[in-house]
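This is what each chain is made of:
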Amino acid sequence: MHSMAVFLVLLHFTATLAAGEPATTTLKVTPATLTGSNRSITIQWSNLPSPSPLDYVAVYSPPSSGDLDYLGFLFLNGSASWATGAGSLTLPRLPNLRAPYQFRLFRWPPGERSRNPRLDQDGDPLPDARRRVAVSGEVSFEAAAAARPAQVHLAFADAPDEMRVVFVCGDTGARAVRYGPAGPREEWEDAATEARTYERRHMCGYPANDSVGWRHPGFVFDGVMKGLQPGRRYHYKVGSDSLGWSETYSFISRDIEANETIAFLFGDLGTYVPYNTYFRTPYESLSTVRWILRDLEVLGDKAAFISHIGDISYAKGYAWLWDHFFEQIEPIASRTPYHVCIGNHEYDWPSQPWKPSWAANIYNGKDGGGECGVPYSIKFRMPGNSFLPTGTGAPDTENLYYSFDAGVVHFVYMSTETDFSQGSDQYNFIKADLVHVNRSRTPFVVFQGHRPMYTSSNEVKDTVHMEHMIQHLEPLFVEHNVTVALWGHIHRYERFCPMKKYQCLDTPSSFVYPGAPVHVVIGMGGQDWQPSWEPRLDHPDVPIFPQPDSSMYRSSEFGYMKLLATREKLTLIYIGNHDGQVHDMVEILSGQASSEAEVVGATQTLSWMYMKIASCVMLALLIGFAAGFLARRKDSSKWTPVKSEEAELS
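Model, not experiment: these values are computed from the prediction.

Scoring rules and cut-offs
Along every chain, residues carry numbers that run from 1 in the direction the sequence is written. This being a predicted model, a pLDDT of at least 70 is required before a residue's local features are given, and a value of 80 or more before pairs of side-chain atoms are given or counted; all residues contribute to the totals for chains, interfaces and linings. Side-chain descriptors were evaluated using all non-hydrogen atoms of the structure, hydrogens and water having been removed beforehand. To define a nonpolar core, start from buried Ala, Val, Leu, Ile, Met, Phe, Trp, Tyr and Cys residues and group those joined through side-chain atoms within 4.5 Å. Think of it in three bands: with a 1.4 Å probe and only protein chains considered, a residue is buried below 20% of the maximum accessible area for its type, exposed above 50%, and partly exposed in between. A run of H or I in DSSP becomes a helix once it reaches four residues, and a run of E becomes a strand once it reaches two; helices and strands are each numbered from the N terminus. Where each domain starts and ends follows an automatic or database-derived domain assignment. The disulfide definition used here is simple: a pair of cysteine sulfur atoms within 2.5 Å. Two strands qualify as a pair provided DSSP detects at least 2 bridges between them. A cavity, in this analysis, means grid points on a 1 Å lattice covering only the protein atoms where a 1.4 Å probe fits yet has no way out; a pocket is instead an open set bounded by protein on both sides within 12 Å along at least five of seven lines, and a residue lines either one if it has an atom within 4 Å of a point. Grid points are joined across faces, edges and corners, and a volume is the space filled by probe spheres set on the points. Here a pair means two rings of Phe, Tyr or Trp (six-membered ring of Trp) with centres within 6.5 Å. Their orientation is stacked below 30 degrees between planes, edge-to-face above 60, and tilted elsewhere. Charge-over-ring contacts are defined here by two conditions on Lys NZ or Arg CZ: a distance within 6 Å of the ring centre and an angle within 35 degrees of the ring normal. Here an axis means a line fitted to C-alpha atoms, over the contact stretch when the element is a helix, while the angle between two N-to-C directions is reported on a 0 to 180 degree scale.

Asker: Let's hear about the nonpolar core: which residues, and what values?
Answerer: Ranked by internal contacts, the top residues of the largest apolar core, which has 125 residues, are F103, M225, Y236, Y338, F380 and L563. By residue number, the principal contributor to this core is helix α4 (residues 320–333), which donates 8 residues. Each of domain 1 (26–144) and domain 2 (257–534 + 545–594) gives at least three residues to this core. One finds L434, V482, W487 and M552 within the second-largest nonpolar core, a separate group that totals 27 residues.

Rendered as structure tokens:
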């Protein structure tokens, strides 16, 4: 009987071949197991009859996800041989989502309308996952790599001799931070960690609380290294003997008595992913990270930190984009403290509590994608203890406002998304903090928040918000001699003269502090979803919103700001991504007398730094020019040069 069944199967197979029926479409992914060092996946397909340029492979994790709950997708026409019905595509360095990946191949015939009710950012239909023809095997991380800590990032803790490290694991097994100076590792110390997480029920809206957007975030571990000597290099790793350790990283500890300060600052960075998803993800964000990494390597054993002022990952409710983000910044954030403040794309939702009458059209949007600040609050841990109860049972919103000293600069961070009006907890914190700044120790004060107090971008709905910030906060800035105010939200760079009540107090690019702060918009980290400045279609003679006299420099080029300060002078430098070079600079003199030794030492430090940068440029350009050139090809409109050239448009 068994022999007869085998014979019938073979007979059917032979008849099928004779009839000329096509072979089954196959979908294969390799390797089936990813390691810590090999996370690239090759997707191969064959025997796809009558291929369409809209046929696609969708990416899933976990494999139990429904067909419509994909992470993203790749059109098969990205392969040169797609028209033959066979080809391959590669996905580089996928993050560990604490669950296996799977891939599914779908048909999308030309002219067939998608039934997916969701649209992408441009209003185009997303694939509807109706015509599935092949499914791959699962792709998993090897056991050791799956348990190993990931997404490592540093931040200053409350005490100057401490450094916080935060990382993610897929379970709650005990982990530690093991650290010490260069030398015998048997002398290293262990710091305990605590783990936190959040659940789908804590999300406040779609897509964050829906199957399409929700993925479990894993467990966020937080440990503090203590008793650090100032300005010294320390090495560390995180994990455990039983569950595995991360690689070994290093950092320079904070020195609040140092006579110089170095920082890298930007807003609105975003996250790039190597596949199509529910909205565009910015390739430029990769360039920003790469150029900052170049500058950090040039610094050697000099301390620095990074400041990212709002609109962090742009996950907007799609949880796995946070994993991509932390993988993207880990090369810089694992070696340099990475500080943040909250933006509208982390927090805003119609149900959020602060709704002043003047802000009816400002805070009612769905920019946060239903996250309502929860991932931001758990995945970061900034100094201080600012928090705001959600009132929903979700974890408190944290990391709202705080401050710290770093060398000769006092840095203050605020939340533009929660109450900053006179009498609020945040206002009282800012006022008390500025009152107690030690100007003999920190002659400069740098204030940071997400939405700008001054901008020439014609964002009409933000005008009333700017007016209230000027009304409530600017008097504090002027009274307490805030040196610089840095803002994001507008995805461009713009430097104003020192401003007070909409008036410009001074215009040179080098001056003694005149009694009001220089305002700089630095939302040029990478996100590119808005025009440079609002086009005015009814003004063909002046097609772009004009640049006011108070705006000293504005540019559409992505990049970041470098802050260099000594006791005598604070210098702000705008670095463009397409060449990694200086595009704007302003110097603010403190008026404090510095010792000759300090001035000479600082001058030598800056000269040394720029000499080293120059010596590294040729090597860096192999990466940077390639990245910038590719990004420029994708959107040549981004490369707006200096003010004099832009003035031709205004």
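That was the structure; now back to the text.
Asker: Can you tell me about the state of the cysteines, naming the residues and giving the values?
Answerer: Considering all chains together, one arrives at 2 disulfides under this definition. A sulfur-sulfur separation of 1.8 Å characterises the disulfide bridge that pairs C204 with C372. Across the S-S bond of C204 and C372 the torsion is about 75°, and the bridge reads as right-handed. Pair noted here: C204 is in the loop between β13 (189–196) and β14 (219–225) and C372 is in the loop between α5 (344–347) and α6 (374–379), with a separation of 168 residues, a long-range link. Residue C372 is classed as buried on the basis of its relative accessible area of 6%. One disulfide in the model links C497 with C504; its S-S distance is 2.0 Å. Sequence-ordered numbering of the disulfide-bonded cysteines in the protein gives the connectivity 1-2, 3-4.

Asker: Break down the pairing of strand β25 (residues 444–449) for me, with residues and values.
Answerer: Where a strand is regular, its side chains alternate between the two sheet faces. In terms of burial, β25 is a largely internal element, 6 of the 6 residues being buried. Neither face of β25 is exposed, since F444, V446 and Q448 on one face and V445, F447 and G449 on the opposite face are all buried. Summarising the sheet, strand β24 (residues 409–413) and β25 pair through 5 bridges and their orientation is parallel. Pairing of V409 across the sheet is with F444, part of β25. For β25 and strand β26 (residues 484–487), the ladder comprises 4 bridges, and the chain directions are parallel. Residue pairing across strands places F447 opposite A485, the latter belonging to β26.

Asker: Explain empty space enclosed by the protein residue by residue, including any values.
Answerer: For the coordinates displayed, the defined rule picks out 8 cavities of 30 Å³ or more. One number sums up the size of the largest cavity: a volume of about 120 Å³. Forming the walls of the largest cavity are 13 residues, and the residues nearest its centre are I252, G300, K302, R335 and T336. At the level of elements, β17 (249–252) and α3 (284–299) are the ones that each hand at least two residues to the lining of the largest cavity.

Asker: An account of the packing of aromatic side chains is requested, with residue identities and associated values reported.
Answerer: Under the definition given, this model contains 46 aromatic pairs. Between Y198 and W214, the aromatic rings sit 6.0 Å apart at their centres with planes inclined by 70°, giving edge-to-face as the arrangement. In this pair, Y198 is assigned in the loop between β13 and β14 and W214 in the loop between β13 and β14, connecting sequence segments 16 residues apart. With centroids separated by 6.3 Å and ring planes inclined at 45°, the aromatic side chains of Y454 and F496 adopt a geometry described as tilted. With Y454 in the loop between β25 and α8 (463–472) and F496 in strand β27 (residues 493–500), this residue pair connects regions lying 42 residues apart in the sequence. The exposure class assigned to Y454 is buried, which follows from its relative accessible area of 5%. Three or more aromatic residues link up through ring pairs in this structure, and these residues are Y56, Y60, Y70, F73, F75, F106, W108, Y278, F279, Y318 and W320. Directly above the aromatic system of F279 lies the positively charged group of K316, at a separation of 4.1 Å from the ring centroid.

Asker: Summarise the sheet that holds strand β6 (residues 87–91); cite the residues concerned and give the values.
Answerer: Reading across from one edge, β1-β3-β6 is the order of the 3 strands in this open sheet, with antiparallel pairing throughout. Edge positions in the sheet fall to β1 (26–30) and β6, since each of these pairs with one other strand and no more. For this sheet, the mean inter-axis angle between neighbouring strands, taken without regard to orientation, is 20°. As defined by bridge partners, β1 adjoins strand β3 (residues 41–46) across 5 bridges and the pair is classed as antiparallel. Bridge pairing links T30 to T42 in β3.

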